[in-house]
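What follows is each chain in one-letter form.
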Amino acid sequence: MTTRAEKNKKIQEKLIREENVKRIKKISKITGIILGSLLLIILYGMYIGAKVVIVNEIKITDNSIPAAFHGTKIVQISDILYDSLNKNDLERIKKQINEIDADIVLFTGNIKNENELSKDDLEILKKFFSELNAKFDKYAVSGNLDDDSFNVVMENNFKILNNNSTLLYNKDYSPLEI
């Protein structure tokens, strides 16, 4: 025969087990939500966010800019990371850039991530850079991920400015330093 104290002890142990199970289920749900959210963020960054073109139009007013350059449109492109894109993505990006009708195109590096690009990929990138339109000129600096693949920029009439600047003239003799 069990005593009242033994019965109470069994009931108390059962309640503790039930509380532990509830706590574990709650922690599992929270962990699942956190891991699921992280997975969605990673997938968005890899497959959707990497293909989004952000266009910010900024008007710069500065007395040191020569009057001949007032209204000049500069398009700055960065981090194409082609191994995250495809030919159609590049075509869409090129179309958006050319619709801006830029005076100057400035590419600020990072054609690819760590992955090597195939000959076909390099040809697609060559075509992309060659078809970017600029009324004055096209300039580029290499990024921290660029290697031999940066040649596709150099081969397409981009003036390379790595650690240098150049003077750009428009209509008169007052240059703009780029």
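Data block above holds the structure.
Attention in this report is confined to the structure presented alongside it.

Conventions we followed
- Residues numbered from 1 in each chain as written.
- Predicted model: local features only at pLDDT ≥ 70, side-chain atom pairs only at ≥ 80, totals over all residues.
- Heavy atoms only, no water.
- Salt bridge = Lys/Arg side-chain N within 4 Å of Asp/Glu carboxyl O.
- Helix = DSSP H or I, 4+ residues; strand = E, 2+ residues; numbered from the N terminus.
- Buried < 20%, exposed > 50% of the residue type's maximum accessible area, 1.4 Å probe, protein only.

### Digging into the pattern of salt bridges
At step 1: Considering all chains together, one arrives at 9 salt bridges under this definition.
At step 2: The salt bridge involving Glu 91 is made with Lys 94; its shortest N-O contact spans 2.8 Å. Highlighted residues: Glu 91 and Lys 94, both in helix H2 (residues 87-99), separated by 3 residues, approximately one helical turn.
At step 3: With a relative accessible area of 9%, Lys 94 lands in the buried category.
At step 4: Asp 137 is the partner of Lys 159 in a salt bridge, and the nearest nitrogen-oxygen pair spans 2.7 Å. With Lys 159 in strand E4 (residues 158-160) and Asp 137 in strand E3 (residues 137-140), this residue pair connects regions lying 22 residues apart in the sequence.
At step 5: Overlapping salt bridges bring together Glu 91, Lys 94, Lys 127 and Glu 131 as one network.

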